[in-house]
Amino acid sequence: MQRLESGSAPQAGESLGDYVCRLRTTLGLSQKEVAIKAGVHAQSYGKLERNKTSSLNRKTKQGLAAALQVPSDYLDAVCRGTLISPNQGIRFCPQCWQPGTPPDSIWLHSRAQYCYVCGTQLRERCVSCDEQITSLKHRFCPYCGTAYQAPKSLHVEKES
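Everything in this summary refers to the structure shown in the same document. As the structure is a prediction and not an experimental result, all values here were calculated from the model.

1. As for the pattern of salt bridges
- Evaluated as defined, the whole model comprises four salt bridges.
- Put simply, D76 and K61 hold a salt bridge, and the shortest N to O gap is 2.9 Å. Here the residue D76 occupies a position in helix α5 (residues 72–80), and K61 occupies one in helix α4 (residues 58–68), the gap between them amounting to 15 residues.
- Assessed through its relative accessible area of 24%, D76 is described here as partly exposed.
- K61 gets classed as buried once you look at its relative accessible area, which sits at 17%.

2. Concerning the nonpolar core
- Residues Y19, V20, L64, L68 and L75 are the most contacted members of the largest nonpolar core, which totals 36 residues.
- Elements supplying a minimum of two residues to this core: α1 (16–27), α2 (31–38), α3 (42–49), α4 and α5.
- Sequence-distant contacts of L64, defined by excluding residues within four places in its chain, comprise V34, A38, Y45, L48, L56, Q69 and L75.

3. Topic: the packing of aromatic side chains
- With the rule as written, the count across this model stands at three aromatic pairs.
- With 6.3 Å between their ring centres and 65° between their planes, W97 and Y148 make a pair best called edge-to-face. Placement of the pair is W97 in the segment after α5 and Y148 in the segment after α5, with a sequence separation of 51 residues. By the burial criterion, W97 is buried, and Y148 matches it.
- An aromatic cluster is defined as three or more aromatic residues linked by ring pairs; in this entry it consists of F92, W97 and Y148.

4. Describing the packing of α2 against α3
- One way to put it is that α2 packs onto α3 with a least axis distance of 9 Å and a crossing angle of 115°. With respect to their mutual orientation, α2 and α3 come out roughly perpendicular. At the point where α2 passes α3, the crossing takes the right-handed sense. Residues Q31, V34 and A35 of α2 form the contact with α3, whose participating residues are A42, Y45, G46 and E49.

5. Things to note about α1
- Look at α1: 17 Å from first C-alpha to last across twelve residues, which is about the 16 Å you get at 1.5 Å a residue.
- The inward-facing, buried residues of α1 contact α2, α3, α4 and α5.
- G28 sits one or two residues past α1 and shows a positive phi near 75°.

6. A short note on the packing of α2 against α4
- With their axes 8 Å apart at the nearest point, α2 and α4 run at an angle of 125° to one another. Considering their axes alone, α2 and α4 lie oblique with respect to each other. Viewed along their axes, α2 and α4 form a crossing whose handedness is right-handed. In this structure, α2 uses V34, K37 and A38 to contact α4, whose residues at the interface are G63, L64, A67 and L68.

7. With respect to the state of the cysteines
- All chains considered together, the criterion is met by zero disulfides.
- Among the cysteines around C144, which has no disulfide bond, C126 carries the closest sulfur, lying 3.5 Å off.

8. Notes on the side chain of R24
- You can see R24 is positioned in helix α1.
- Discounting residues that sit within four places of it in the chain, R24 has contacts with L29, S30, Q31, V34, Y45, E49 and L68.

9. Structural notes on unusual backbone geometry
- With phi around 60°, N51 is a residue other than glycine that occupies positive phi space.
- By the secondary structure assignment, N51 is in the loop between α3 and α4.
- Note on N51: relative accessible area 39%, which makes it partly exposed.
- Unusually for a residue other than glycine, Q69 sits at a positive phi of about 60°.
- In this structure, Q69 sits in the loop between α4 and α5.
- Overall, Q69 belongs to the buried group, its relative accessible area being 7%.

Reading the values: rules and limits
Residue positions are given per chain, counted from 1 along the sequence in the order it is written. Local features are withheld for residues below a pLDDT of 70 in this predicted model, meaning they are given only at 70 or higher, and side-chain atom pairs are given and counted only at 80 or more; totals for whole chains, interfaces and linings count all residues. As a rule here, side-chain values cover all heavy atoms of the structure and leave hydrogens and water aside. A carboxyl oxygen of Asp or Glu within 4 Å of a side-chain nitrogen of Lys or Arg is what we treat as a salt bridge. Only DSSP runs of H or I covering at least 4 residues are called helices, and only runs of E covering at least 2 are called strands; the numbering of each starts at the N terminus. Per-residue accessibility, obtained with a 1.4 Å probe over protein chains only, is compared with the maximum for each type, and a residue is labelled buried under 20%, exposed over 50%, and partly exposed between these values. In plain words, nonpolar cores are sets of buried Ala, Val, Leu, Ile, Met, Phe, Trp, Tyr and Cys residues tied together by side-chain atoms within 4.5 Å. A contact between two residues is defined here by any heavy atoms of the two lying within 4.5 Å. Pairing of aromatic rings covers Phe, Tyr and Trp, the last counted by its six-membered ring, and requires centre-to-centre distances within 6.5 Å; plane angles under 30 degrees mean stacked, over 60 mean edge-to-face, and any other angle means tilted. Note on geometry: axes are lines fitted to C-alpha atoms, helical ones only across the stretch in contact, with angles between N-to-C directions running from 0 to 180 degrees. Here roughly perpendicular refers to angles of 65 to 115 degrees, roughly parallel to angles under 35, roughly antiparallel to angles over 145, and oblique to all remaining angles. Handedness of a crossing follows from how the near helix is turned relative to the far one, being left-handed for an anticlockwise turn of less than a right angle and right-handed for a clockwise one. In this scheme, a helix's expected span is set at 1.5 Å multiplied by one less than its residue total. A pair of cysteine sulfur atoms is labelled a disulfide when the two atoms are within 2.5 Å.

Right under this line is the structure:
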């Protein structure tokens, strides 16, 4: 699986099926893998890529956004046929996120600023080099090597 570049935004005239197919192939996933990650039936996902479906319900949109690692606003834009600028990376909570897992779907919402579980401010840029985070496949920034999460300190209490 590869990380998505800034080209993850919908392109002018791109259909919903073409868009999700492009994202899926960029990530190196099969249709079945995306369907499982998105929580949709594999046949439904196949119809989506064949342009038999042009709109998404909220649950499907959130599942696809998480599986394809894009903000749900991108899927909204391509369904409406409007352009969107890729001005945000993937947001995640540095406290709750487990390395190697996709971001929680609620973190991908354009208005989300804080984690709904712990209240920590969501991060979308590397703390060292300020590059946008476009994939959470790895634990480290691909530009500078800084860890996305601070290492958990191990506190060993000594008994008196």
